[in-house]
Amino acid sequence: MQQPVVGIIMGSQSDWPTMEKAAEMLDRLGVAYETRVVSAHRTPDLLFEYAKTASERGLQVIIAGAGGAAHLPGMVASQTPVPVLGVPVQSRALNGLDSLLSIVQMPAGVAVGTLAIGQAGAGNAGLLAAQIVGLQQPAVREAIEDFRRAQTESVLAHPDPAVS
Ligand SMILES: Nc1c(C(=O)O)ncn1[C@@H]1O[C@H](COP(=O)(O)O)[C@@H](O)[C@H]1O
């Protein structure tokens, strides 16, 4: 098995239906990844250990998804030089607006690249992670170009909606 270069982490097992979209994208683009449940609130020691060892373990990007009081991406970013992409998971109470604001409003000096709420954001986090990894892996760059070509062809294959 290939050494993972992307870490997909999430605050709870309940985030997996969202975060699996990131995994699916990485599978499609041929990028090796690992998945873990890590929570700033419920498993703080594990969070610190995960973030502090990420770089030496070969991770090049971390995708962190969390919902509600979503402190996970920011806390991970504070403990590693590896770039962190944050995915706001859609919460039941506030539809993910709470998650989005928690992740996007980082203080200056600690960066998290924030994606859109929910599955679309998770898929795009996978794509963006692959683009970062692709800077050093030509095969991944080619897979991204193939993906884009297929996407364009699929849009063009559908007829335009009729105007009545
Ligand atoms: N936001 C966080 C963090 C964190 O930021 O560390 N840990 C768990 N959670 C979030 O709590 C929500 C509910 O979790 P449960 O479904 O386990 O109750 C999840 O969306 C998770 O990401």
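Keep in mind it's a predicted model, so treat the numbers as computed, not measured.

1. Some points on the overall build of the protein
- The secondary structure content of the protein amounts to 6 helices and 5 strands.
- Going from the N terminus to the C terminus, the protein shows its helices and strands as β-α-β-α-β-α-β-α-β-α-α.
- Taking 164 residues into account, the globule formula puts the C-alpha radius of gyration at 15 Å, and the protein, at 17 Å, falls close to it.
- C-alpha extents for the protein along the principal axes are approximately 55 × 40 × 30 Å.
- Here the protein, with 164 residues, has 40% of them falling under the buried criterion.
- Long-range contacts, defined as pairs at least 24 residues apart, comprise 70% of the intrachain contacts of the protein with a sequence gap of at least 6.

2. Concerning the pairing of strand β1 (residues 6-10)
- Burial analysis of β1 places 5 of its 5 residues in the buried class, the great majority of the element.
- Both faces of β1 are covered, namely the face carrying V6, I8 and M10 and the face carrying G7 and I9.
- In this structure, β1 lies alongside strand β2 (residues 33-37), joined through 5 bridges in parallel fashion. By the bridge assignment for β2, G7 is matched with E34.
- As paired elements, β1 and strand β3 (residues 61-67) share 5 bridges and run parallel to each other. Residue I8 lies in a different strand from β3, and its bridge partner there is I63.

3. Describing the pairing of β3
- Of all 7 residues in β3, 7 are buried; the element is thus mostly enclosed.
- Bridging between β3 and strand β4 (residues 84-89) involves 6 bridges; their strand directions are parallel. Opposite A64, over in β4, you have G86 as the bridge partner.
- Assessed by its sense of winding, the connection that carries the chain from β3 through helix α3 (residues 72-77) to β4 is right-handed.

4. Some thoughts on the UniProt feature "binding site: substrate" (unreviewed entry) in the protein
- The positions that UniProt labels "binding site: substrate" (unreviewed entry) are, in the present scheme, S12, D15 and R42. On the basis of their most widely separated C-alpha atoms, the annotated residues across 31 residues gather in one place, lying no more than 14.5 Å apart.
- Along the chain, D15 falls in the loop between β1 and α1 (16-29).
- Owing to 25 C-beta atoms within 10 Å, D15 belongs among the buried residues under this scheme.
- Discounting chain neighbours no more than four positions away, the residues touching D15 are M10, G65, A66, G67 and V89.
- In this structure, R42 sits in the loop between β2 and α2 (44-54).
- Judged by local crowding, R42 falls into the exposed class, with 11 C-beta atoms found within 10 Å.

5. Remarks on the nonpolar core
- Grouped together as the largest cluster of nonpolar side chains are 46 residues, with contacts concentrated most on V6, L26, V31, I63 and A129.
- Broken down by element, the residue count for this core peaks at 6 residues, all from α1.
- If near-sequence neighbours (up to four positions away) are discounted, A129 is found in contact with V6, L26, V31, V61, I63 and L85.

6. Some points on the sheet that holds β4
- With parallel pairing, the 5 strands of this open sheet are ordered in space as β2-β1-β3-β4-β5. Lying at the two open borders of the sheet, with one neighbouring strand each, are β2 and β5 (113-114).
- Across the sheet, α1 lies against β1, β2, β3 and β4, angled at about 170 degrees from β1, the strand it touches most.

Rules and cut-offs
Residues numbered from 1 in each chain as written. Predicted model: local features only at pLDDT ≥ 70, side-chain atom pairs only at ≥ 80, totals over all residues. Helix = DSSP H or I, 4+ residues; strand = E, 2+ residues; numbered from the N terminus. Rg over C-alpha atoms; globule rule 2.2 N^0.38 Å. Buried ≥ 20, exposed ≤ 12 C-beta atoms within 10 Å, placed from the backbone. Contact = placed C-beta atoms within 7 Å. Pairing = 2+ DSSP bridges. Right-handed = clockwise from strand over helix to strand, strands pointing away. UniProt positions renumbered as here; feature names shortened; annotations may be inferred. Core = buried A, V, L, I, M, F, W, Y, C linked by C-beta atoms within 7 Å. Axes fitted to C-alpha atoms, helices over the stretch in contact; angles between N-to-C directions.

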